[in-house]
Amino acid sequence: MNDVQGLTLARLRGEIRRVVFENEDTQFAVLKVVDDSGLEHAATGPMAGLAAGQYLEMEGYWERHPEFGRQFRAESYQIRLPNTADGIKRFLSGGAIPGIGKKTASLIVDYFGDQTLVVLDNFAKRLEEVPGIGKKKAAAVVKGWRESAGRRESFIFLQGLGITPAYCARLFKRYGDAAPQVVRKNPYRLAEEVDGIGFLKADEIARNLGIAPDSIDRLAAAAVFSVNTLVGNGHVCLPLAELVRQTSELAKQPPAQAEAGIEAAIERRLLRKLDDMIYTPQLARAETELPELVASLALVKKFAGQRMHPVPGDNGIVLNQEQQRAVDEVSLVPLSIITGGPGVGKTTVVGEIVRRAEAAGLRIGLAAPTGRAAKRLSDSTGLTAKTLHRLLQFDPNSNRFQMDSSSPLEVDLLIVDEVSMLDILLALALFRAVRPGTSVVLVGDADQLPSVGPGTVLAGFLESEWFQVTRLVQIFRQAENSHIITNAHRVNRGLLPEKPQPGSQALSDFYWIEQDDPDKALAVIEKMVAERIPARFHFDPVDDVQILTPMNRGSCGTVAINERLQALLNPGDKPEFRFGDRVYRAGDKLMQTANNYEKNVFNGDLGRLGRISLKDKTFTVIFEGSRLVEYNFDEADQLTRAYAITVHKSQGSEFPVVILPFLSQHYMMLQRNLLYTAMTRARKLLILVGSRRAVQMAVDNARLEPRFSLLTQRLAALRRKLREVFPGQVDGAS
């Protein structure tokens, strides 16, 4: 039992530094709070839903917990404006006060310290004393401060609903002074209109406002959230019955109520129903428009590739029959696909197509979904290749691609590599920007994992008969000497990888260390990364070695491995900061996990953490090519430590060295295409750490995870329809 130090009601005011624990059902939370004098305290009580950075004034009692020591037991709390200099600086620069940005806030608070708000309220003329702020700027700041008096009250109101200061700023940016009214009327709007606020957060806000669980607004939002969740798992649409089940479970309401919410979402045009399937409006448009775009490109009688027909082959390059057919098809049909695994000569074929296109005077466009894949394409062809986002000129201000049907790409031949990564939305944007008469060549490995985004575009295209497909299967002699390549093909055929010959002293590019105990496997990985690989193979443990794991969770998942490798490979007394439960340290290997068009960085981009400014709450990341990008601390959720990443995140990338833990604890993810994809990411050295049982499970599991999509059916239906109208022309398009 707790030893109550005194029964006198006490107050504690301070900034939440960290949420240690919270239970949404009981509303109990444990917080770390820094008071106005800089001391950190533990505070407990009914405070679930609060977040780091908020300022509280709590009433309650000091007590001594037998295990955790002295802590404050809060009976009630109110959100307040900050008292500390750092807190005031974050508040002023958060966007709630017009005319005060991060730079101006720093100048003012650095001068007045924790008296800043007193000065703004009572002695505003003194702003002219601040170095770097003239009379004109001081007047603008005073005006903004006085006009925002009501906004400050709104700011406190919104924080009281569990909305963090950063998200308050986003609400004011989106809705202006009407933000509180929007939230009161329908907080579920935020899930659709404000980045970072999903259904679960909106639902928490709604509970704080007392909105009924069976509210039609809540049920409609739950339906949209359920669809978006499945879209995040790769689905383009889902059957109505499945959506009813998902929505009912999420909202904890009967199926009839869930179906009413779905109908409301459809009426409000938040969802669409096509052929008994439910889509988001964007995906419904993509799945119906993409087949029409493909058909319009396939049915042209004249196309640029025909000009390559008279160009003779390169006598210095010997192509096998499959490769020769792949090259020739570019001059025979406007749309073609070249697919095959590693070592079958896809790069050679693309190089010869480019050579002939240059000889024919064609304008050539080269692209790939990721920066790493685009660089490999550039290196192999000698021409500049771009990421698809850069090729299509994405504009973050309008959230649109600048290249489209009204402003198509000025190319005659477009070659896109790594098309297994192409999701349906990116495919739509790409084909919108292709002018009829352009020759399009898609290159990829159909046996790899499907795209992270929604859809199975490559699979649909391969089945559609709109593209001429060439499958390269012959492994070339040079590739046959690579155990990485031969073993990847063995796995793809349903066979176990072969180990190097026992007793051989020659260095191999493939090793298999049989181990199924997670702790022992992790110890093996640490020794390999820190000692064996640098000493024997002379690879850099951070820049050259990449650990790929099937999952994030578990002792051999990305989270645990990153914790261990950060301590092992990047130790020492270096600048660092904490975001949630993660510590980011100068020198850390990082990966961008979401597209950020304003910063021109994209999901999967790798870099190293550079400068950290604890004063400004900013840090820089040095991405490949020595490109520096600045982030605020509260943007750290866009990045993750990347000593270890998931196999899915590695798509489109290659690494000099890959270490692949493949254990029984990963049983949920043990699939053949996952193992095959991981193995083909290694360029020079692959070390498989796992049990024979786990690897056998993966090799035997060739079942592809189904994705709800009707793209294949829509491509086929359009072909049948057009064949009736233009029989000869359509039959000749494949």
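The shown structure was predicted, so the numbers you read here are calculated from the model rather than taken from an experiment.

## Some details on the overall build of the chain
Link 1 in the chain: For the chain, the count of helices and strands is 27 helices and 29 strands.
Link 2 in the chain: Relative to the compact-globule value of 27 Å for 734 residues, the chain shows a C-alpha radius of gyration of 29 Å, a close match.
Link 3 in the chain: Along the longest, intermediate and shortest principal axes, the C-alpha atoms of the chain span 90 × 65 × 60 Å.
Link 4 in the chain: Of all 734 residues assigned to the chain, the portion counted as buried reaches 52%.
Link 5 in the chain: Partitioning the contacts of the chain with sequence separation of at least 6, the portion at a separation of at least 24 is 67%.
Link 6 in the chain: Total accessible area on the chain is roughly 33,400 Å²; 50% of this is exposed by carbon and sulfur atoms.

## Let's talk about the sheet that holds strand S15 (residues 413–416)
Link 1 in the chain: The strand order across the open sheet built from six strands is S12-S11-S15-S16-S10-S17, with neighbouring strands paired in parallel fashion. What marks the edges here is a single partner per strand, and that holds for strand S12 (385–387) and strand S17 (468–472). Sheet twist, expressed as the average angle between the axes of neighbouring strands with direction ignored, equals 20°.
Link 2 in the chain: Across four bridges, strand S11 (residues 364–368) lies against S15 in parallel orientation. Each residue of the ladder has a partner; that of Ile364, found in S15, is Leu413.
Link 3 in the chain: Sitting on the sheet, helix H19 (residues 457–464) is in contact with strand S10 (335–340), strand S16 (439–444) and S17, with an inclination near 115° to S10.

## A short note on the pairing of strand S24 (residues 618–623)
Link 1 in the chain: Taken across its six residues, S24 has five buried, putting it largely inside the fold.
Link 2 in the chain: Across five bridges, the pairing between strand S23 (residues 606–613) and S24 is antiparallel. Paired with Ile612 across the bridge in S24 is Phe619.
Link 3 in the chain: Strand direction decides the pairing type here: S24 and strand S25 (residues 627–632), joined by six bridges, are antiparallel. Its bridge partner lying in S25, Phe623 is registered against Arg627.
Link 4 in the chain: Where S24 folds back on S25, the antiparallel hairpin that results is connected by three residues, among which Gly625 adopts a positive phi of roughly 90°.

## Some remarks on the side chain of Arg585
Link 1 in the chain: Mapped onto the elements, Arg585 comes out in strand S21 (residues 582–585).
Link 2 in the chain: For Arg585, a relative accessible area of 14% translates into the label buried.
Link 3 in the chain: Engagement of the side chain of Arg585 in a polar contact is seen with the side chain of Glu576, the distance being 2.9 Å.
Link 4 in the chain: Residue contacts for Arg585: discarding those within four places in its chain leaves Gln566, Asn570, Pro571, Gly572, Lys574, Pro575, Glu576, Leu609 and Ile612.

## Comments concerning the UniProt feature "domain: Helix-hairpin-helix DNA-binding motif class" (unreviewed entry) in the chain
Link 1 in the chain: Under the local residue numbering, the UniProt record ascribes the feature "domain: Helix-hairpin-helix DNA-binding motif class" (unreviewed entry) to residues 90–111, 125–144 and 189–208.
Link 2 in the chain: The span residues 125–144 shows a helical share of 50% and a strand share of 0%, and its end C-alpha atoms are spaced 14 Å apart.
Link 3 in the chain: Each end of residues 189–208 is marked by a C-alpha atom, and these two atoms are 16 Å apart; helix forms 75% of the span and strand 0%.

## Looking at helix H18 (residues 424–432)
Link 1 in the chain: Burial analysis of H18 places seven of its nine residues in the buried class, which makes it a mostly covered element.
Link 2 in the chain: Within H18 the residues assigned to the buried category are Ile424, Leu426, Ala427, Leu428, Ala429, Leu430 and Phe431.
Link 3 in the chain: Buried-residue contacts for H18 involve helix H13 (281–298), helix H17 (388–391), strand S14 (400–401), S15, S16 and H19.
Link 4 in the chain: Its side-chain oxygen placed 3.0 Å from the backbone nitrogen of Leu425, Asp423 serves as the N-cap of H18.

## Quick look at the pairing of strand S20 (residues 576–579)
Link 1 in the chain: By the bridge criterion, four bridges tie S20 to S21 in an arrangement that is antiparallel. Within the sheet, the bridge partner assigned to Arg578 lies in S21 and is Val583.
Link 2 in the chain: Hairpin connection from S20 to S21: two residues lie between these consecutive antiparallel strands, with Gly580 at a positive phi of about 65°.

## Quick look at the environment of Ile525
Link 1 in the chain: Topologically, Ile525 is positioned in helix H22 (residues 518–537).
Link 2 in the chain: On a C-alpha basis, the gap between Ile525 and Ser555 in space is 12 Å, while along the polypeptide they are 30 residues apart.

## Considerations on the sheet that holds strand S27 (residues 644–646)
Link 1 in the chain: In spatial order, the strands read S18-S29-S28-S19-S27; together these five strands make up an open sheet with parallel pairing. With partners counted over all chains shown, the strands left at the sheet margins are strand S18 (510–513) and S27, one partner each. Each adjacent strand pair in this sheet contributes to an overall mean axis angle of 25°, direction not counted.
Link 2 in the chain: Judged from the seven bridges that link them, strand S28 (residues 655–662) and strand S29 (residues 682–690) form a sheet pairing that is parallel. Bridge pairing links Val658 to Leu686 in S29.
Link 3 in the chain: Each of S18, strand S19 (545–549), S28 and S29 is contacted by helix H24 (residues 672–679), which is oriented at about 150° to S28, the strand it contacts most.

## Focus: the domain arrangement of the chain
Link 1 in the chain: Here the domain parsing of the chain yields domain 1 (9–80), domain 2 (85–180), domain 3 (212–279), domain 4 (283–474) and domain 5 (495–500 + 507–700).
Link 2 in the chain: Just the C-alpha atoms count here: the centres of domain 4 and domain 5 sit 30 Å apart.
Link 3 in the chain: On the domain 5 side, the residues contacting the 19 residues of domain 4 number 21 residues.
Link 4 in the chain: Both sides of the domain 4 and domain 5 interface together cover about 1,900 Å² of buried area, and 51% of this is carbon and sulfur.
Link 5 in the chain: If you look at where domain 4 meets domain 5, you find two salt bridges.
Link 6 in the chain: Its salt-bridge partner being Arg372, residue Glu624 comes within 2.6 Å of it at the nearest N-O pair.
Link 7 in the chain: Applying the counting criterion to the domain 4 and domain 5 interface returns 10 residue pairs in polar contact (both at pLDDT 80 or more).
Link 8 in the chain: Elements with a minimum of two residues in the side of domain 4 that touches domain 5: helix H16 (371–381) and H17.
Link 9 in the chain: The biggest single contributor to the side of domain 4 that touches domain 5 is H16, with three residues.
Link 10 in the chain: Of the residues assigned to the side of domain 4 that touches domain 5, the class counts are eight nonpolar, five polar and six charged.

## Focus: the packing of aromatic side chains
Link 1 in the chain: Enumeration over the complete set of coordinates arrives at 15 aromatic pairs.
Link 2 in the chain: Summarising the aromatic geometry, the rings of Tyr511 and Phe537 are spaced 6.2 Å apart at their centres and angled 70° between planes, so their arrangement reads as edge-to-face. Of this pair, Tyr511 sits in strand S18 while Phe537 is found in helix H22, placing the two residues 26 residues apart along the sequence.
Link 3 in the chain: Relative to Tyr631, the ring of Phe619 has its centre 5.3 Å away and its plane inclined at 10°; by these criteria the two rings are stacked. Highlighted residues: Phe619 in strand S24 and Tyr631 in strand S25, separated in sequence by 12 residues.
Link 4 in the chain: Take Phe619: its relative accessible area is 0%, and that puts it in the buried class.

## What about the pattern of salt bridges?
Link 1 in the chain: The final tally for this structure, using the stated rule, is 42 salt bridges.
Link 2 in the chain: A salt bridge links Arg363 to Glu410, with the shortest nitrogen-to-oxygen separation between them at 3.3 Å. Here the residue Arg363 occupies a position in the loop between helix H15 (346–359) and S11, and Glu410 occupies one in the loop between S14 and S15, the gap between them amounting to 47 residues.
Link 3 in the chain: Among the residues examined, Arg363 registers a relative accessible area of 39% and is labelled partly exposed.
Link 4 in the chain: Among the charged side chains, a network of salt bridges with common partners joins Arg11, Arg13, Glu57 and Glu59.

Cut-offs and rules
- Residues numbered from 1 in each chain as written.
- Predicted model: local features only at pLDDT ≥ 70, side-chain atom pairs only at ≥ 80, totals over all residues.
- Heavy atoms only, no water.
- Helix = DSSP H or I, 4+ residues; strand = E, 2+ residues; numbered from the N terminus.
- Rg over C-alpha atoms; globule rule 2.2 N^0.38 Å.
- Buried < 20%, exposed > 50% of the residue type's maximum accessible area, 1.4 Å probe, protein only.
- Contact = heavy atoms within 4.5 Å.
- Areas by Shrake-Rupley, 256 points an atom, 1.4 Å probe, with all protein chains shown as cover.
- Pairing = 2+ DSSP bridges.
- Axes fitted to C-alpha atoms, helices over the stretch in contact; angles between N-to-C directions.
- Polar contact = N/O pair within 3.5 Å; in protein donor to acceptor, adjacent residues only side chain to side chain.
- UniProt positions renumbered as here; feature names shortened; annotations may be inferred.
- Domains from an automatic or database assignment.
- Buried area = accessible area lost by both parts, 1.4 Å probe.
- Salt bridge = Lys/Arg side-chain N within 4 Å of Asp/Glu carboxyl O.
- Nonpolar A, V, L, I, M, F, W, Y, C, P; charged D, E, K, R; others polar.
- Phe/Tyr/Trp six-rings, centres within 6.5 Å; stacked < 30°, edge-to-face > 60°.

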